Amino acid sequence: MEIEALGWVITLEPGEILGPGMFLALVVALLSGYPVAFGLGGVAVVFAALAMALGVIDASFLAALPQRIFGIMGNLTLLAIPAFVFMGAMLEQSGIAERLLETMGRLMGRLRGGLALAVVIVGTVLAATTGVIAATVTTMGLISLPAMLRAGYDKSLATGVIAASGTLGQIIPPSIVLVVLGDQLGVPVGELFVGSLIPGLLMSGAFALYVVVISALRPELAPPLDTTGLPPLTARGLVNVLAAPLILILLVLGSIFFGIATPTEAGVLGAVGAMALAAAQGGFSRAALRQVSDSTVRTTAMVIAILIGSTAFSLVFRGVGGDVLISELLLQLPGGRTGFLAVSMLVIFALGFFIDFFEIAFIVVPLLLPTARQLLGPEGLLWLGVVIGANLQTSFLTPPFGFALFYLRGVAPEGVSTGDIYRGALPFIALQLSVLLLILFFPQLVTLLPSLASAAAG
């Protein structure tokens, strides 16, 4: 095919047209609002037919697709996803998260900004036990937001700290997004969990520090809670409430960090442990089990459908030479490794405004992987996985399609507007990006604990 423009004649092979065309078609499909899994698969089918008609690929090339799908079904790493989703949903149904929120609010509410600090602490604990953003944000929005508003908190500060603390499950293990990234990058999920621990705690610490500073500088935004008439909080009551999540943290993360179980096995342990704790506290029933199972099946089916669609897309994209085109483009960026990281992070951050983290992980990460292997080496993929995870965390807070904002909007009381929620999220997006820059400039924040763990094991 020849294109004449301004006296220049450019000759393009069919394969060189199909790659960029396929990418543009995917962008249109994503922006159309059509279900992502079917958009990915539909683009793959259309361009596979075009490629066969033009002689770019042979029909036998597509025989690899069933093998890839069966490979997904047999991937033991992905079994951790339904296990962690089930664990988080069971904790939500059992009321353990509610009791934790109420107790921490009473414990810290007497301090200026204490209720907001309690939300950050509870968000960190729930992130380390469930990693399910929807459950965390919804629970905290139902319980903490009305209490904060009654205490006189600024609406934007109250909604911002709840939405941001709910997203900590993206980076603090056990995190579903880290399971997905580990599978896509070919990095052991256990190492990603260990490597993300310090960045996750840094993120939580940054949120807490912001609450302390803003409460000191503008005390009218976060007044102390009036505890008159509330029953006193005893040490025994505090221990009883904290015991359940601490047991789960030890069961799940402890078994991974000490090499007792793989992340998949630890997820199953956590699911069983969540049922046992729910039964011990009177929150386990046949109806609750049915609802938790239904939620788990729906979430897992959505993830697997997107993964199958992205597998079909990546196979055809590779067949028409699109992966080579993307790789050459990224390798020729000015700045080498720095330019690649800058463009990659900007693309992921920008996509977070419009699509969720599953779609970004399944679509963008495979395109970046060949170049990342060349520029960062195998040892750099662990660090890159945590960096991408921290970047994807912002996708839950960035308007207009931040899912944490949607979850909070759905449970917010009357008088709290969408504008209040969006304004409240902005300072926490800045904090997330600040921690992301720290991880980029100081890779030791990610690699320190995995290197110590491997040295101890050796």
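Residues numbered from 1 in each chain as written. Predicted model: local features only at pLDDT ≥ 70, side-chain atom pairs only at ≥ 80, totals over all residues. Heavy atoms only, no water.

A. Structural context of the overall build of the protein chain. If you tally the helices and strands in the protein chain, you get 20 helices and two strands. For 458 residues, the compact-globule formula gives about 23 Å, and the C-alpha radius of gyration of the protein chain, at 23 Å, lands near that figure. By its C-alpha atoms, the protein chain is 80 × 45 × 45 Å across when sized along the principal axes. For the protein chain, buried positions account for 51% of its 458 residues. (Helix = DSSP H or I, 4+ residues; strand = E, 2+ residues; numbered from the N terminus. Rg over C-alpha atoms; globule rule 2.2 N^0.38 Å. Buried < 20%, exposed > 50% of the residue type's maximum accessible area, 1.4 Å probe, protein only.)

B. Spotlight on the pattern of salt bridges. Inspection of every chain in the model, using the stated rule, returns three salt bridges. With a shortest N-O distance of 3.3 Å, R218 and E220 are connected by a salt bridge. With a relative accessible area of 43%, R218 lands in the partly exposed category. With relative accessibility at 49%, the residue E220 sits in the partly exposed group. With its nearest N and O atoms 2.9 Å apart, the salt bridge here joins D294 to R298. (Salt bridge = Lys/Arg side-chain N within 4 Å of Asp/Glu carboxyl O.)

C. Here's a closer look at the side chain of T167. Mapped onto the elements of the fold, T167 is located in the loop between α8 (155-166) and α9 (176-185). For T167, a relative accessible area of 0% translates into the label buried. Ignoring anything within four residues of it in the chain, the contact list for T167 reads I133, Q393, F396, L397, A404 and Q432. (Contact = heavy atoms within 4.5 Å.)

D. Inspection of the packing of aromatic side chains at higher detail. In total, this model carries four aromatic pairs according to the counting rule given. On the numbers, 6.3 Å between centres and 55° between planes, the contact of F84 with F193 is tilted. In this pair, F84 is assigned in helix α4 (residues 80-94) and F193 in helix α10 (residues 189-217), connecting sequence segments 109 residues apart. Comparing F84 with F193, the two get one shared label, buried. Put simply, the rings of F207, Y210 and F428 touch in pairs and so form one group of aromatic residues. (Phe/Tyr/Trp six-rings, centres within 6.5 Å; stacked < 30°, edge-to-face > 60°.)

E. Region of interest: α4. The terminal C-alpha atoms of α4, which comprises 15 residues, lie 21 Å apart, in line with the 21 Å expected from a rise of 1.5 Å per residue. Most of α4 is tucked away, with 12 of its 15 residues classed as buried. Where α4 is concerned, the buried positions are A80, I81, A83, F84, V85, F86, M87, G88, A89, M90, L91 and S94. Looking at the packing, one finds that the buried side of α4 touches α5 (96-108), α9, α10, α11 (235-257), α12 (263-280) and α13 (286-319). Looking one or two residues beyond α4, the residue adopting positive phi is G95, at roughly 85°. (Expected span 1.5 Å × (residues − 1).)

F. Structural detail: the nonpolar core. Among the nonpolar cores identified, the biggest contains 144 residues, and M148, Y153, V161, L181 and L397 are the most heavily contacted of them. No other element matches helix α16 (residues 357-376), which puts 13 residues into this core. (Core = buried A, V, L, I, M, F, W, Y, C linked by side-chain atoms within 4.5 Å.)

G. Region of interest: a nonpolar patch on the surface. A cluster of nonpolar side chains, L202, L437, L438, F441 and F442, forms an exposed patch at the surface whose accessible area comes to about 490 Å². Among the elements that make up the nonpolar patch, the one with the highest residue count is helix α19 (residues 418-441) (three residues). Accessibility expressed as a relative area gives 36% for L438, which makes it partly exposed. (Patch = residues over 30% accessible without salt bridge, like charges linked within 9 Å, V, L, I, M, F, W, Y side chains within 5 Å. Areas by Shrake-Rupley, 256 points an atom, 1.4 Å probe, with all protein chains shown as cover.)

H. Up close: unusual backbone geometry. Cis geometry is adopted by the peptide bond preceding P174, which originates at P173 and carries an omega value of 0°. Mapping P174 onto the fold places it in the loop between α8 and α9.

I. Structural context of the environment of L250. Inspection of the secondary structure puts L250 in helix α11. Remark: the alpha-carbon pair of L250 and R106, spanning 144 residues in sequence, is separated by 25 Å.

J. Molecular detail of the packing of α10 against α19. It is at 10 Å that the axes of α10 and α19 come closest, and there the two elements cross at 140°. Here α19 runs oblique to α10, going by the angle between their axes. Note that α10 runs across α19; the crossing there is right-handed. The residues of α19 that touch α10, namely those facing P199, L202, M203, A206, F207 and Y210, are P427, F428, L431, Q432, V435 and I439. A per-class count over the contact of α10 with α19 returns 11 nonpolar, one polar and no charged. (Axes fitted to C-alpha atoms, helices over the stretch in contact; angles between N-to-C directions. Parallel < 35°, antiparallel > 145°, perpendicular 65-115°, else oblique. Left-handed = near helix turned anticlockwise from the far one by under 90°. Nonpolar A, V, L, I, M, F, W, Y, C, P; charged D, E, K, R; others polar.)

K. Just the packing of α8 against α19, in detail. At a minimum axis separation of 7 Å, α8 and α19 run at an interaxial angle of 60°. By the angle between their directions, the pair α8 and α19 is classed as oblique. For the pair α8 and α19, the sense of crossing is right-handed. The segment α8 lies against α19, with K155, S156, T159, G160, V161 and A164 engaging D420, I421, R423, G424, A425 and F428. For the contact of α8 with α19, the per-class residue count stands at five nonpolar, four polar and three charged.

L. Layout of the environment of T300. Note that T300 resides in helix α13. Each C-alpha atom, one on T300 and one on G380, is 29 Å from the other, the two residues being 80 residues apart in sequence.

M. The environment of L238, seen in detail. By the secondary structure assignment, L238 is in helix α11. Sequence separation between L238 and T103 is 135 residues; the distance between their C-alpha atoms is 6.9 Å.

N. Summary view of the side chain of S255. One can find S255 in helix α11. Polar side-chain contacts of S255 include one of 2.8 Å to the backbone oxygen of V252. Residues contacting S255, with those up to four places away along its chain left out, are L250, I260, A261, A266 and L269. (Polar contact = N/O pair within 3.5 Å; in protein donor to acceptor, adjacent residues only side chain to side chain.)

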